[in-house]
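Inside the fold
Each chain, letter by letter, is given below.
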Amino acid sequence: MVNPAWFAAKNKKQRENGKLFLGKKKENGLWNHRRVRNAIVIGERCSCKKATSSAALHCAKITKDQRQALFKQFWQMDWKEKKIYVNTLIQVTTPARMRNRKDKHKSRRSRTFQYHVRVEQKSVKVCRKFFLNTLSIGRRTVLNWVKQPTISRNTTQNAPQQNCSIARESLNSFFNSLPTMESHYCRATTQKKYLLPEWSSKKQLFEFYVEDWCNAHGKPPLSISAFCNAFADQKLGLFFPKKDQCEICARHTVGDILDDIYNLHQAQKHEAREEKQKDKIEETFVFTIDLQAVLMAPKSQVSSLYYRTKLQVHNLVFYNLINHDAYCFIWNEVECGLSAEEFASIWVYFIDNKIITNLTENAAATKIIIYSDGCTYQNRNVSISKALLNTSIKHGVIIEQKILETGHTQMEADSVHSVIGRVIKHRIVNVPAEYIQICQNARKKPTPYMVEYLDHTFFKCFKGIQFLKTIRPGRGKGESKVTDIRAIKYTPEREIFYKLRFPEPWSYLQQRVDRSVVPTDSSNFPQLHQERRKLTARKYADLQYLKTSLPRDYHQYYDDLPHE
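Residues numbered from 1 in each chain as written. Predicted model: local features only at pLDDT ≥ 70, side-chain atom pairs only at ≥ 80, totals over all residues. Heavy atoms only, no water.

**Here's the deal with the nonpolar core**
Most often, soluble globular proteins have nonpolar side chains that are buried together. Ranked by internal contacts, the top residues of the largest apolar core, which has 44 residues, are F318, W331, I346 and I351. Those elements that place two or more of their residues in this core are β9 (285-291), β11 (311-320), β12 (326-332), α12 (340-355), β13 (367-372), α13 (382-395), β16 (487-490) and β17 (496-499). Here this core takes eight residues from α12, the largest share from any one element. In contact with I351, not counting residues within four places along its chain, are I356, I368, I370, L388, T391 and I399. Core analysis: the second largest hydrophobic core is formed by 39 residues, A297, V317, V334 and L546 among them. (Core = buried A, V, L, I, M, F, W, Y, C linked by side-chain atoms within 4.5 Å. Buried < 20%, exposed > 50% of the residue type's maximum accessible area, 1.4 Å probe, protein only. Helix = DSSP H or I, 4+ residues; strand = E, 2+ residues; numbered from the N terminus. Contact = heavy atoms within 4.5 Å.)

Right, here's the structure in full:
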């Protein structure tokens, strides 16, 4: 016999995923609780004229496969994630022309919805029918899900004005004291900041506010209704968008990952966070490093730019966890690419010129720790290891690389990307070098970002130093791989150690290190690129077309770009 609770849970999950389920309907005065509801299918395309005649709507440009991918992605979410997802895609504005509210025959509409979808990492505007049919949801559902403008109800007629003011200030202080994090992948579509996952509901957060904050500070608490309104006004969130969720965590939620794998993943996530927090307290030189999402040049609001290929601009950020200094290294694709040796050149330059040259005490007592994600071509490869070992030997310092857990690599360097992203959102960029001034002015306190613009002569070739051929801990099939490494330590004694878990002791890397190789000063390494890299013929032609929308002073830059 089927357990009713199990069947109800499965039926609920089927409905949530848009699959065939059993609903209820009143028939002949009686409720039929086993009414078959068909699976959700994608709706038909829109046939609005603006989709083909207006540049504002992009319905006609979205292919059938892209619509199907959006539909499939949406119905793989749970209801809370669907609600958050819809809120990030709909922009609520006031009507362009307000009607006479006293005339009952005139429109009483108080808000206007602008619908968007995310295609190829870009947000494009579509009509309402296209949006609703693609996600296969009803208009009433959208009206219920999209948040209404909140009106603060902190004041009450019974409470004195002074007490209400004190309570509001206390509540604002409480929200400001909470650790928050911006969405890593959805910053373009949401301004929300998300709390760390210590609280699973607003009620739980409210109880913490009353019991811990108000009692500790001797302040009167507000009602839960006022608390929730203020929470919305602060643009805070408890649940990260699905794009920001780890793949392993998301697959475990739907039962596609075994509990043992998920529990190990969670343990390693907490170990990495605890390790970083400990280093922030105990060490002197602790940094995080991350590559910002690709920037583009030129960048403007001209519609023709959306359909032409542009120059890719990259920004690698080092963030000092101790004094909060941030360093931006910017280059474009003509000067260099994204190979391991190009990243190694920046790592070595940063350590040589931003850390070693500023030491006032004995360098031999220095330990430099750098946290990063596990991207192999950027951070975890033999080219980086050879360059860092060379630097460790030459300067007599210990260098430690520490890798955060995949899917949970949010770190302080991301805040630099976020600040720069907000600044450039509505800025016009004519040539890549203009990003220098934009990044420098993006932050004022505690200090502006330090920015260096790199050309092809900056990057070095490290193939001449053959300390070792691989950093793989094991050799046989089934043994540890490079991607299993969580920490690597380089010492002046030409030794390399590694960890597979942060709480474990350091293990000696068994790979042979050639002790006859002489450490070399970074300035003596040969250049990686003897000339600027050539653009494809198509990209050069697109840039020639785009330069016509720029002031004439910038045309020569695009004319001089090397190309096939």
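Alright, that's what it looks like, and here's the rest.
**Description of the environment of P473**
Within the fold, P473 resides in the loop between β15 (450-453) and β16. In this structure the C-alpha to C-alpha distance between P473 and L509, which are 36 residues apart in sequence, comes to 6.0 Å. With residues near it in sequence (within four places) discarded, P473 still touches S480, K481, V482, I485, Y498, L500 and L509.

**Concerning the packing of aromatic side chains**
Two aromatic rings are characterised by how far apart their centres lie and by the angle between their planes. This structure, assessed with the given rule, holds 30 aromatic pairs. Taking 6.0 Å as the distance between ring centres and 90° as the angle between the ring planes, the aromatic pair formed by F329 and Y349 counts as edge-to-face. Pair noted here: F329 is in strand β12 and Y349 is in helix α12, with a separation of 20 residues, a long-range link. Given the relative accessible area of 1%, F329 is considered buried. The class for Y349 is partly exposed, based on a relative accessible area of 23%. (Phe/Tyr/Trp six-rings, centres within 6.5 Å; stacked < 30°, edge-to-face > 60°.)

**A look at the packing of helix α3 (residues 64-74) against helix α5 (residues 128-135)**
Between α3 and α5, whose axes approach to 8 Å, the crossing angle comes to 60°. Put simply, α3 runs oblique to α5. Residues R67, L70, F71 and F74 of α3 lie in contact with α5, whose contacting residues are F130, N133, T134 and L135. For the contact of α3 with α5, the residue count by class is five nonpolar, two polar and one charged. (Axes fitted to C-alpha atoms, helices over the stretch in contact; angles between N-to-C directions. Parallel < 35°, antiparallel > 145°, perpendicular 65-115°, else oblique. Nonpolar A, V, L, I, M, F, W, Y, C, P; charged D, E, K, R; others polar.)

**Structural notes on the confidence of the model for the chain**
Of the residues in the chain, 85% reach a pLDDT of 70 or more, and the chain-wide mean stands at 81. Across the chain, β12 holds the top mean pLDDT of 93, while helix α2 (residues 50-53) sits lowest at 58. Note on residues 149-160: pLDDT under 50 across the span, and 17 contacts to partners over four residues away in sequence or across chains. (pLDDT = per-residue confidence, 0-100.)

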